[in-house]
Structure formats: structure tokens, C-alpha cells
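Summary of structural features
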Amino acid sequence: VQLVESGGGLVQPGGSLRLSCAASGFTFSSYAMSWYRQAPGKERELVARIRSVGGSTNYADSVKGRFTISRDNAKNTVYLQLSSLKVEDTAVYYCNARFGSIEYWGQGTQVTVSS
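Residues numbered from 1 in each chain as written. Predicted model: local features only at pLDDT ≥ 70, side-chain atom pairs only at ≥ 80, totals over all residues. Heavy atoms only, no water.

**Quick notes on the overall build of the protein chain**
Within the protein chain one finds 0 helices and 11 strands. When the helices and strands of the protein chain are listed from N to C terminus, the series reads β-β-β-β-β-β-β-β-β-β-β. Relative to the compact-globule value of 13 Å for 115 residues, the protein chain shows a C-alpha radius of gyration of 13 Å, a close match. Projected onto its principal axes, the C-alpha positions of the protein chain cover 40 × 25 × 25 Å. By the burial criterion, 40% of the 115 residues in the protein chain qualify as buried. Across the protein chain, the fraction of contacts at a sequence separation of at least 24, relative to all contacts at a separation of at least 6, is 52%. Separation of charge centres in the protein chain, based on 12 positive and 8 negative side chains, amounts to 4 Å. (Helix = DSSP H or I, 4+ residues; strand = E, 2+ residues; numbered from the N terminus. Rg over C-alpha atoms; globule rule 2.2 N^0.38 Å. Buried < 20%, exposed > 50% of the residue type's maximum accessible area, 1.4 Å probe, protein only. Contact = heavy atoms within 4.5 Å. Lys, Arg positive; Asp, Glu negative; His and termini not counted. Charge placed at Lys NZ, Arg CZ, Asp CG, Glu CD.)

**A word on the pairing of strand E7 (residues 67–72)**
Residues of E7 alternate between two faces, with Phe67, Ile69 and Arg71 buried on one and Thr68, Ser70 and Asp72 left unburied on the opposite face. Of the strand pairs in this sheet, E7 and strand E8 (residues 77–82) are connected by 6 bridges, and their pairing is antiparallel. The residue bridging Ile69 from the neighbouring strand is Leu80, located in E8. (Pairing = 2+ DSSP bridges.)

**Overview of the packing of aromatic side chains**
Applying the stated criterion to the full structure yields 5 aromatic pairs. For the ring pair Tyr31 and Phe99, a centre distance of 5.4 Å and an interplane angle of 40 degrees mean the geometry is tilted. Of this pair, Tyr31 sits in the loop between strand E3 (17–24) and strand E4 (32–38) while Phe99 is found in strand E9 (residues 91–99), placing the two residues 68 residues apart along the sequence. Given a relative accessible area of 7%, Tyr31 falls into the buried group. Judged by relative accessible area, which is 45%, Phe99 ranks as partly exposed. One aromatic cluster is present, formed by Phe26, Tyr31, Phe99 and Tyr104 through successive ring pairs. Stacked on the ring of Trp105, the Lys or Arg Arg44 has its end atom at 4.7 Å from the ring centre. (Phe/Tyr/Trp six-rings, centres within 6.5 Å; stacked < 30°, edge-to-face > 60°. Lys NZ or Arg CZ within 6 Å of the ring centre and 35° of its normal.)

**A closer look at the state of the cysteines**
Working definition of a disulfide: a covalent bond connecting the sulfur atoms of two cysteines. Applying the stated criterion across every chain yields a total of 1 disulfide. A sulfur-sulfur distance of 2.1 Å marks the disulfide that ties Cys21 to Cys95. Looking down the S-S bond of the Cys21 and Cys95 bridge, the torsion is -85 degrees, so its handedness is left-handed. Placement of Cys21 in strand E3 and of Cys95 in strand E9 is noted, with a sequence separation of 74 residues between them. For the pair Cys21 and Cys95, a shared accessibility class is recorded, and that class is buried. (Disulfide = S-S within 2.5 Å.)

**Observations concerning the pairing of E4**
Most of E4 is tucked away, with 6 of its 7 residues classed as buried. Note that E4 and E9 share 7 bridges and pair antiparallel. Considered in E9, the bridge of Tyr36 is made with Tyr94. In this structure, E4 lies alongside strand E5 (residues 45–50), joined through 5 bridges in antiparallel fashion. Pairing of Met33 across the sheet is with Ile50, part of E5.

Written as C-alpha cells, this is what we have:
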């Protein structure tokens, strides 16, 4: 099983990034996919989730209206579009796959928002 994140980097406040998470080794379409983040000295927090059936989504209040999660089951990939970025969005962003009690994590990608 692999979850490989990409797309992180350094961006100015107000800028945008698109993160990708390529999955392999499990039945991607059956899993709920999420993005979490962890800033230095803080606990890991849920940013956004998209369910396997129906594709419904939910977001942390801090990112609603700015971030968009989506998935492409044909490509086994989940995306997170980050817009109107703020300095406080700086963190390592992790991809997560969950099916019942089964859970997989990626290694993370760094997003730094700074002028």
C-alpha cells in the first residue's frame, strides 16, 4: 500500500496550491479519503474528507470556502485545492485513506505560506 503526496511548496499569502495524493495497493474507490495537516508544535488536524460513496465532503471550519477536496477514482488520486492561503495554513499535509478500522497514511508534503 502506498499513498504518495505531491504539490507542496512555498507560496505567498493569498496564493494557491494543488496537492495530489496517488494511491496504490488497495481498492481506492471503497475508501474515504482525507487530508490532515500538522503545524509545528500542534496536533494533527483534519482538513477535509471526501467519502467513497456519493462523494460528500466536509471541511474544517478554518478552511471552508478556501480549500476544495476532490477525487478521481479512475486515477486512484485525491486532490486538495488550496486557495487564499494564509500564513497559518503552513503545515505538513498528510493524505489518509480509511475503510472501517483499516487506515493508511502518506508521508506528507510541506506547505509553507510566507512573504
